[in-house]
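Report on the structure
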Amino acid sequence: GDSVTQMEGPVTLSEEAFLTINCTYTATGYPSLFWYVQYPGEGLQLLLKATKADDKGSNKGFEATYRKETTSFHLEKGSVQVSDSAVYFCALSDRDAGKSTFGDGTTLTVKP
Amino acid sequence: EAGVTQSPTHLIKTRGQQATLRCSPISGHTSVYWYQQALGLGLQFLLWYDEGEERNRGNFPPRFSGRQFPNYSSELNVNALELEDSALYLCASSTGQPTQETQYFGPGTRLLVL
């Protein structure tokens, strides 16, 4: 079945540091890939997505590129802020099954 | 545009009772999905409803059930509650086929079973 493996956390960075959160996946077919963010006490918010190989999703300074050859979708941001502190989930979508499969989440803490 | 809404925000039940959780999708969305986010277990897919029909369910026992109403809102029912059902239950919605894959999530219902 489908699976998503995320870089284990927690990750602690200083403000303005570079962020990378690794994500690799296993899936049949050609899934769409997503990054969601969850702030404390809230639900998931869609951060960015990519629907086919070599697509780059971007939002709020975050980027991720759909790499079919390495089955990866790593999240990056050039300069993190304290307000980026949250849990980040990588996910893939199985269109036919109507479900998304999520990684375990990576907790990011950014210190001033 | 209003997002996905869920009610109640918190629910406290005792073991053996039944819980009913509600979800209203984004206007125009016909698919509703339910996920369980239990501590230490990540996000697990529970159910998918589209156009009033159950289309798929995850690896959960039959005491987890639900339905989708003609206005596309949905209920999740959990019967014979067990302590391990304590979790955040997230509802998501999306448009219908063929572009249904982007799911938008609500804030969740936090269920505590004592």
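Quick caveat: nothing in here was measured; it's all calculated off a predicted structure.

**Points about the nonpolar core**
Counting 25 residues, the largest nonpolar core has A:Trp35, A:Leu48, A:Phe73, A:Leu75 and A:Tyr88 as the members making the most contacts within it. Only β2 (11-14), β3 (19-21), β4 (23-26), β5 (32-38), β6 (44-50), β8 (62-65), β10 (86-94) and β12 (106-111) of chain A provide two or more residues apiece to this core. Per-element accounting of this core gives the leading share, 4 residues, to β10(A). Apart from residues lying up to four places away in sequence, A:Phe73 is in contact with A:Cys23, A:Leu33, A:Phe34, A:Trp35, A:Leu48, A:Lys49, A:Ala50, A:Ala64, A:Thr65, A:Tyr66 and A:Cys90. If you look at the next biggest cluster of nonpolar residues, it comprises 22 residues, including B:Val4, B:Ala19, B:Val32 and B:Leu47.

**Overview of the state of the cysteines**
Formally, a disulfide is one covalent bond, and it connects the sulfur atom of one cysteine to the sulfur atom of another. Residue and element names in this part refer to chain A. With the rule as written, the count across this model stands at 2 disulfides over all chains. Across a sulfur-sulfur distance of 1.9 Å, Cys23 and Cys90 are joined as a disulfide pair. Disulfide Cys23-Cys90: the torsion about the S-S bond is -70°, which places it as left-handed. Of this pair, Cys23 sits in strand β4 while Cys90 sits in strand β10; the two residues are 67 residues apart in sequence, bridging distant segments of the chain. The same class applies to Cys23 and to Cys90, which are both buried.

Calculation criteria
Residues numbered from 1 in each chain as written. Chains lettered and ligands numbered in written order. Predicted model: local features only at pLDDT ≥ 70, side-chain atom pairs only at ≥ 80, totals over all residues. Heavy atoms only, no water. Core = buried A, V, L, I, M, F, W, Y, C linked by side-chain atoms within 4.5 Å. Buried < 20%, exposed > 50% of the residue type's maximum accessible area, 1.4 Å probe, protein only. Helix = DSSP H or I, 4+ residues; strand = E, 2+ residues; numbered from the N terminus. Contact = heavy atoms within 4.5 Å. Disulfide = S-S within 2.5 Å.

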